[in-house]
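Coordinate analysis (summary)
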Amino acid sequence: MSWSILDACCEIEHMRGNVVIGSTIVTTLQTVVSRETDVARSPAVLSVGIFKGGLRNNIIPETAELEGTLRTFGEAQRATAKRRVTEIAQSIATGMNAA
């Protein structure tokens, strides 16, 4: 299953900290597998493979986009991980005044 953080959360627009917010989301998403999954019994992989945030090194980007992949063996585990991705992204965006 491929996903976009925009699907899970919100559009991170017109904020001065888009890259910081996106970075915080990426770092925190790593806990979905490492802290919330029994990888010995039900392996899972959550990867953020694309992080787009601007075109110039001296201009603060208006938007940031994250895309990734979630792989699990079972539907229940996939649904739980997908729910956690949404909760984490929304909570961070809200907490950093981006939602």
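I will try to describe carefully the structure that is included in this document. Here the structure is a predicted model, which means the values were calculated and not measured.

Examining the overall build of the protein
Per the secondary structure count, the protein includes three helices and four strands. Moving toward the C terminus, one meets the helices and strands of the protein in the order β-α-β-α-β-β-α. Here the protein holds 99 residues, and the buried ones make up 32% of them. The contacts of the protein with a sequence gap of at least 6 include a subset with a gap of at least 24, amounting to 68%. Summed over all atoms, the accessible surface of the protein reaches about 6200 Å², with 51% contributed by carbon and sulfur.

Comments concerning helix α2 (residues 18-34)
Look at α2: 25 Å from first C-alpha to last across 17 residues, which is about the 24 Å you get at 1.5 Å a residue. Listed in full, the buried residues belonging to α2 are Asn-18, Ile-21, Gly-22, Ile-25, Val-26, Leu-29, Val-32 and Val-33. Down the axis of α2, the buried set is contained in an arc of 140°. They therefore lie on one face. Exposed and facing more than 90 degrees away from the buried side of α2 are Val-20, Thr-27 and Ser-34.

A few points about the nonpolar core
For soluble globular proteins, the rule of thumb is that nonpolar side chains tend to be buried together. Counting 17 residues, the largest nonpolar core has Ile-21, Ile-25, Leu-29, Val-32, Leu-46, Ile-88 and Ile-92 as its most contacted members. Counting residues per element, the ones that place at least two in this core are α2, β3 (44-52), β4 (63-72) and α3 (75-95).

Regarding the environment of Thr-63
Within the secondary structure layout, Thr-63 lies in strand β4. A C-alpha to C-alpha distance of 8.3 Å links Thr-63 and Lys-52, two positions 11 residues apart in sequence.

Remarks on the pattern of salt bridges
Inspection of every chain in the model, using the stated rule, returns five salt bridges. The closest approach of N and O atoms between Asp-38 and Arg-41, which form a salt bridge, is 3.7 Å. Residue Asp-38 is classed as partly exposed on the basis of its relative accessible area of 38%. Given a relative accessible area of 73%, Arg-41 falls into the exposed group. Arg-84 is the salt-bridge partner of Glu-87, the closest N and O atoms lying 2.6 Å from each other. Of this pair, Glu-87 and Arg-84 both sit in helix α3, three residues apart, which is roughly one turn of that helix. Connected via shared salt-bridge partners are Glu-36, Arg-83, Arg-84 and Glu-87.

A word on the side chain of Asn-18
Mapped onto the elements, Asn-18 comes out in helix α2. Relative accessible area serves as the criterion here: at 0%, Asn-18 is assigned to the buried category. A distance of 2.9 Å separates a polar side-chain atom of Asn-18 from the backbone oxygen of Pro-61.

What counts and what doesn't
- Along each chain, residues carry numbers from 1 onward, in the same order as the chain's sequence is written.
- It should be noted that, the model being predicted, local features are given only for residues of pLDDT at least 70 and side-chain atom pairs only at 80 or more, the latter also being counted only at that level, while totals for whole chains, interfaces and linings use all residues.
- Excluding hydrogens and water, the side-chain figures rest on all heavy atoms present in the structure.
- Where helices and strands are cited, they refer to DSSP runs of H or I of at least four residues and of E of at least two residues respectively, numbered from the N terminus.
- Burial here depends on accessible area, computed with a 1.4 Å probe over protein chains only, as a share of the maximum for the residue type. Under 20% is buried, over 50% is exposed, and the range in between is partly exposed.
- Throughout, a residue-residue contact means that at least one pair of heavy atoms, one from each residue, lies within 4.5 Å.
- What sets the accessible areas is the Shrake-Rupley method with a 1.4 Å probe; for residues, cover comes only from the shown protein chains.
- Between the first and last residue of a helix there are one fewer steps than residues, each counted as 1.5 Å, and that sum is the expected span.
- Directions pointing from the helix axis toward each C-beta atom define the arc.
- Residues belong to one nonpolar core when they are buried, are Ala, Val, Leu, Ile, Met, Phe, Trp, Tyr or Cys, and are joined through side-chain atoms within 4.5 Å.
- A pairing counts as a salt bridge when a side-chain nitrogen of Lys or Arg comes within 4 Å of a carboxyl oxygen of Asp or Glu.
- Two N or O atoms form a polar contact when they lie within 3.5 Å of each other; inside protein one atom must be a possible hydrogen donor and the other a possible acceptor, and for residues adjacent in sequence the pair counts only when both atoms belong to side chains.

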